[in-house]
Amino acid sequence: MSRLLEVEDLQVSFKTYGGEVKAVRGVDFYLNQGEVLAVVGESGCGKSVTAQSIMGLLPKKVSRIKGGSVTFEGEEILGLPKKQMQAIKGSKIGLISQDPMTSLNPTMMVGKQIAEVIKKHTDIAKNQIKVRVIELLAMVGLPNPEQRYSQYPHELSGGMRQRVLIAMAISCDPQLIIADEPTTALDVTIQAQILDLLKDLQKSLDTSIMIITHDLGVVAEVAQRVAVMYAGVIVESGTVEEIFENPDHPYTWGLLNSIPKYGSGEKDRLIPIQGSPPDLFAPPTGCPFAARCEYAMEICVQEMPDKKRTSETHHARCWLNDPRAPLVKDLISAGRAE
Amino acid sequence: MYIIKRFFTMLVTIWVITTLTFIIMHSIPGDPFASDADVLPEEVLENMRAKYNLDEPLPVQYLLYLKNLVMLDLGPSIQSETRDVNTLIADGFPASALLGIQSLVIALIFGLILGIVAALNHNGIIDYLSMAFAIIGISIPSFILAPLLIKYFAVDWGLFPVASWGTWLHTVLPSLALATAPLAIVARFMRSSMLEVMNQNYIKTADAKGLSTTGIVIKHGVRNALIPVISFIGPLAAFLLTGTFVIEKIFAIPGIGKYFVDSIFNRDFPVILGTTIFFSTILIITLFLVDISYRIVDPRIKLTSKGD
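Reading guide: rules and limits
Every chain is numbered on its own, with residues counted from 1 as its sequence reads. The lettering of chains begins at A and the numbering of ligands begins at 1, in the order of writing. In keeping with the predicted nature of the model, local features appear solely for residues at pLDDT of at least 70, side-chain atom pairs appear and are counted solely at 80 or more, and the whole-chain, interface and lining totals rest on all residues. Excluding hydrogens and water, the side-chain figures rest on all heavy atoms present in the structure. In DSSP terms, a helix is any run of H or I states spanning at least four residues, a strand is any run of E spanning at least two, and both are numbered starting from the N terminus. The buried label applies to any residue whose accessible area, calculated with a 1.4 Å probe on protein chains only, is under 20% of its type's maximum; exposed applies above 50%, and partly exposed to all values in between. Pairs of strands are assigned from DSSP output, requiring at least two bridges between the strands. To form a nonpolar core, buried Ala, Val, Leu, Ile, Met, Phe, Trp, Tyr and Cys residues must be joined to one another through side-chain atoms within 4.5 Å. In this analysis an axis means a line fitted to C-alpha atoms, helices contributing only their contacting stretch, and an angle means the value between N-to-C directions, from 0 to 180 degrees. Throughout this description, any angle smaller than 35 degrees is read as roughly parallel, any larger than 145 degrees as roughly antiparallel, any in the 65 to 115 degree range as roughly perpendicular, and the remainder as oblique. Helix crossings are classified by the rotation of the near helix relative to the far one: an anticlockwise turn of less than a right angle makes the crossing left-handed, while a clockwise turn makes it right-handed. What makes two residues a contact is simply this: any of their non-hydrogen atoms within 4.5 Å. When residues are grouped by polarity, Ala, Val, Leu, Ile, Met, Phe, Trp, Tyr, Cys and Pro land in nonpolar, Asp, Glu, Lys and Arg in charged, and all others, Gly among them, in polar. Here a crossover is taken to be right-handed if, once the strands point away from the viewer, the path from the first strand over the helix to the second is traced clockwise. By convention, the term buried area covers the 1.4 Å-probe accessible surface removed from two parts as they join, with the contributions of both added. Every case where a carboxyl oxygen of Asp or Glu lies within 4 Å of a side-chain nitrogen of Lys or Arg is listed as a salt bridge. Under this definition, polar contacts are N or O atom pairs within 3.5 Å; protein pairs additionally need one hydrogen-donor-capable and one acceptor-capable atom, and for neighbouring residues in sequence, both atoms have to be side-chain atoms. A helix is expected to span 1.5 Å multiplied by its residue count minus one.

Novice: Before we move on, can you summarise the overall build of chain B with the specific residues and values?
Specialist: Across its full length, chain B carries 12 helices and 0 strands. Secondary structure of chain B in N-to-C order comes out as α-α-α-α-α-α-α-α-α-α-α-α. Seen along its three principal axes, the alpha-carbon backbone of chain B occupies a region of about 85 × 60 × 30 Å. Burial analysis of chain B (308 residues in total) assigns 44% to the buried set.

Next up, the structure:
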């Protein structure tokens, strides 16, 4: 498997009246060809900002990429000239955005909105574009694709609109699809359909997906690898099995403890993570999770732990994984196993 | 179906306006001959009132007027012996309309461009300059702007005729003077509308498709930003088309603008009613056109009569 996308030490800040918000503070991850990577974390942890920086979609006036690199197909794409970036966006990297209700132009036929991408990036003859769009609409499971072509967004339901956005994202056979919370705005039955669709398309098109979500259920459903993000950094990353079976970071433990499990009795309450994420105007010097962490030690507030690898694919940034730290991991796993 | 229903609504509106104007007009003191009352003998006045049916009771006058109105006859002008109101409007409207159309075109083209450019350079120098221009444009009254235009462009540099009506060159300065304020208003409207639209998610989607900036602005930005601006264009068009007293007066243009004002001073009842009805009709028609253009610009809007 070859590397498709590699993000190294990405740092993104926003200028606001209150000062500089350090939204992304040194994010590293990679994505291999044909792989599905899930980036998980709670609201405001920098997931979407990371995705938008990769695609160069952040508003130029208020945001600044302060450092790092994004390599796509072996080429640095961070800070690429506008024209060259436009050639990549929509053709090699497709975006499925968060809110299907507002992500389509309300005054343009949905078919035309897809046709636009194909027209921009391919040499398909004009009279063939419509045929291709209808084919795409059928691929994403919209009934009566010929009629859908000339409908407007307000005539479609949320799930249908998300399918249209997916059709748009895959219209030029991209190597990478970035799906930014693709199911958040949809109700549960539609969520499952959309996830199935994404999985099917990933296989049939042999593409890679970076899926951003705060829903660990989604992760388990579609991803092969997971990156857990907290306060602008990746705190743990590994395969789905490693993260679900053998998590190394207290934040990941907290996330796993807060999902309901089928068959659990009434007495097994969900355990929420206490507190709220740190203020990113002045991020803590130590581990950002220390303030909420039940196992925080003195060192945790003083210094940010390095990445600690436990396997080729699995690493976490937590002082508990230091050989000098007391062994708490087994305790937690045991407590969780009930 | 919609259009038929709409047409009848328009007729009813005009009838209501006529009635209200009639009532208000007759509740101001004085009549067309009040100023002549001292010099003319009572019998003459009596005769003149009789000639224009002013001796009849008001309800009769009202019905007589409506009867003529149905036959599209706006009646005689009391002030002008030789021309009736229909002729007054027919003579004056072409000049006013030409002026109005030119101003409207100038105001729309440059106002929209200015607004779009300002929005795209939000908080940049171009934005500040164009909004400064817009505020000046709104603030300077046309009766100050017009003499200034005349002084520089006509008197000092001799590029255009000073006043009066004739060739196309005569229309340039008054059109500019008339267009400035609406242009500034359109620019401000368009700027704020455009700023809002460019922050929408679908603009981000368009960006993620790899479209060029110009493509995004034109295809996805402007069309959506136009929707709120259109509602402002209807009344603006009616106002510009029916002439303005000030500009027509300054440039000595034989339009209909002056009748709106003069007729009230003269208590020239048929002209007051006629010009009001004419203005209302133009306004109602432009509002109708605005509704139709809404439908074209925004597919979410359906033109149906209630209950359809």
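Picking up after the structure, the text goes on.
Novice: Could you give an account of the pairing of strand S4 (residues 63-72) of chain A, naming the residues involved and the relevant values?
Specialist: All names here are of chain A. Examined bridge by bridge, strand S1 (residues 3-16) and S4 share 8 bridges and lie antiparallel to one another. Across the sheet, residue leucine 5 finds its bridge partner in S4, namely phenylalanine 72. Bridge count for S4 against strand S5 (residues 75-76) is 2 bridges, and the pairing is antiparallel. Within S5, the residue paired with phenylalanine 72 across the bridge is glutamate 75. Between the end of S4 and the start of S5, which pair antiparallel, lie 2 residues, with glutamate 73 showing a positive phi angle near 50°.

Novice: So, the nonpolar core: which residues are in play, and what are the values?
Specialist: Ranked by internal contacts, the top residues of the largest apolar core, which has 104 residues, are Leu5, Ile178, Met210 and Ile211 of chain A. No other element matches helix H6 (residues 158-170) of chain A, which puts 7 residues into this core. Counting residues in hydrophobic clusters, the runner-up holds 39 residues, among them Met190, Ala237, Ile247 and Ile253 of chain B.

Novice: Any chance you could break down the packing of H6 of chain A against helix H7 (residues 188-205) of chain A for me, citing the residues and the numbers?
Specialist: Residues and elements named next belong to chain A. Their axes nearest at 11 Å, the elements H6 and H7 cross at an angle of 15°. Classified by the angle their axes make, H6 and H7 are roughly parallel. For H6 against H7, the interelement crossing comes out right-handed. In this structure, H6 contributes Gly159, Gln162, Arg163, Ile166 and Ile170 to the contact, and H7 contributes Ile190, Gln193, Ile194, Leu197, Leu198, Leu201 and Leu205. Its residues assigned to classes, the contact of H6 with H7 shows 8 nonpolar, 3 polar and 1 charged.

Novice: So what's going on with the pairing of strand S7 (residues 176-180) of chain A? Which residues, and what values?
Specialist: The two faces of a sheet get side chains in turn, since along a regular strand they alternate between them. Residue and element names in this part refer to chain A. Of all the 5 residues making up S7, 5 are buried; the element is thus mostly covered by neighbouring parts of the structure. Neither face of S7 is left uncovered, since the one carrying Leu176, Ile178 and Asp180 and the one carrying Ile177 and Ala179 both have all their residues buried. Note that S7 and strand S8 (residues 208-213) share 5 bridges and pair parallel. By the bridge assignment for S8, leucine 176 is matched with serine 208. Considered for its hand, the β-α-β crossover made up of S7, H7 and S8 is right-handed.

Novice: So, unusual backbone geometry: which residues are in play, and what are the values?
Specialist: Positive phi outside glycine occurs at aspartate 9 of chain A, with the angle close to 50°. Taking the relative accessible area as the measure of exposure, aspartate 9 of chain A reaches 38% and is therefore partly exposed.

Novice: Can you break down the interface of chain B and chain A residue by residue, with the values?
Specialist: Across the contact, 23 residues belong to chain B and 31 residues belong to chain A. Carbon and sulfur atoms make up 51% of the area that chain B and chain A hide from each other, which totals about 2,200 Å². Where chain B meets chain A, there are 3 salt bridges. At the junction of chain B and chain A, the tally comes to 17 residue pairs in polar contact (both at pLDDT 80 or more). Sorting the residues of the side of chain B that touches chain A by element identifies helix H8 (201-208) and helix H9 (213-241) of chain B as the ones contributing at least two each. Residues that form the side of chain B that touches chain A fall into these classes: 7 nonpolar, 9 polar and 7 charged.

Novice: Could you give me a rundown of the pattern of salt bridges, with the residues and numbers involved?
Specialist: Across all of its chains, the model carries 17 salt bridges over all chains by this definition. Between aspartate 91 of chain B and arginine 83 of chain B there is a salt bridge whose closest N-O contact spans 3.0 Å. By sharing partners, the salt bridges in this structure join Glu116 of chain A together with Lys209 and Lys219 of chain B into a single network.

Novice: Hey, could you go over helix H3 (residues 110-121) of chain A for me, with residue numbers and the actual values?
Specialist: Compared with the 16 Å implied by 1.5 Å per residue over 12 residues, the 18 Å span of H3 of chain A between its first and last C-alpha is a close match. All of the buried residues in H3 of chain A are Val110, Gly111, Gln113, Ile114, Ala115, Glu116, Val117, Ile118 and His121 of chain A. If you follow the buried residues of H3 of chain A, they end up packed against helix H2 (82-88), helix H4 (126-139), helix H5 (145-149) and H6 of chain A together with H9 of chain B.

Novice: Could you give an account of the side chain of serine 193 of chain B, with specific residues and numbers?
Specialist: Residue and element names in this part refer to chain B. One can find serine 193 in helix H7 (residues 169-198). Using a relative accessible area of 8% as the deciding quantity, one classes serine 193 as buried. With residues up to four places along the chain from it excluded, the contact list for serine 193 reads Ala225, Pro228 and Val229.

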